[in-house]
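# Descriptive analysis of the structure
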Amino acid sequence: QVQLVESGGGLVQPGGSLRLSCSASGSIFMVNAMGWYRQAPGKQRELVASITGGGTTNYADSGKGRFTISRDNAKNTLYLQMNSLKPEDTAVYYCNADIRPYWYSASVHYWGQGTQVTVSS
């Protein structure tokens, strides 16, 4: 069994900051690429940022210059530092990871349960 658990969401005023965390736990042999996605009401889920096992990052245009994705491989934890938040950043943020479990010879795509981020005055 493998689980992804997000934390760090909440209500923040425009211009504020939040740091999201996602911890992977369970029968993990290797964690490969990880990423953050978000889904606003009435919209499709979209990529926010991703990071490879080697640390190469990729950002959606909406977050470039404001968001920073990072990971701690020793802790199997993913982070998203979000600065200068805007009302349009309001969404449920989901963690995603390609994980090879001990009991399987290939990577499996896992999702967290999501954490709500609301940007409002």
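Residues numbered from 1 in each chain as written. Predicted model: local features only at pLDDT ≥ 70, side-chain atom pairs only at ≥ 80, totals over all residues. Heavy atoms only, no water.

Before going further, it helps to spend a moment on the sheet that holds strand 1 (residues 2-7). The antiparallel open sheet is built from 4 strands, whose spatial order is 1-3-8-7. Lying at the two open borders of the sheet, with one neighbouring strand each, are strand 1 and strand 7 (67-72). Averaged over all pairs of adjacent strands, the angle between their axes in this sheet comes to 15 degrees, without regard to strand direction. Relative to strand 8 (residues 77-82), strand 7 is paired through 6 bridges, and the arrangement is antiparallel. Residue pairing for strand 8: Arg71 is matched across the bridge by Leu78. (Pairing = 2+ DSSP bridges. Helix = DSSP H or I, 4+ residues; strand = E, 2+ residues; numbered from the N terminus. Axes fitted to C-alpha atoms, helices over the stretch in contact; angles between N-to-C directions.)

Turning next to the state of the cysteines. Here the structure, examined in full by the defined rule, presents 1 disulfide. The disulfide that involves Cys22 links it to Cys95, with 2.0 Å between the sulfurs. Sign of the S-S torsion, about -75 degrees for the bond between Cys22 and Cys95, identifies this disulfide as left-handed. With a gap of 73 residues between them, Cys22 in strand 3 (residues 18-26) and Cys95 in strand 9 (residues 91-101) connect regions that are remote in the sequence. (Disulfide = S-S within 2.5 Å.)

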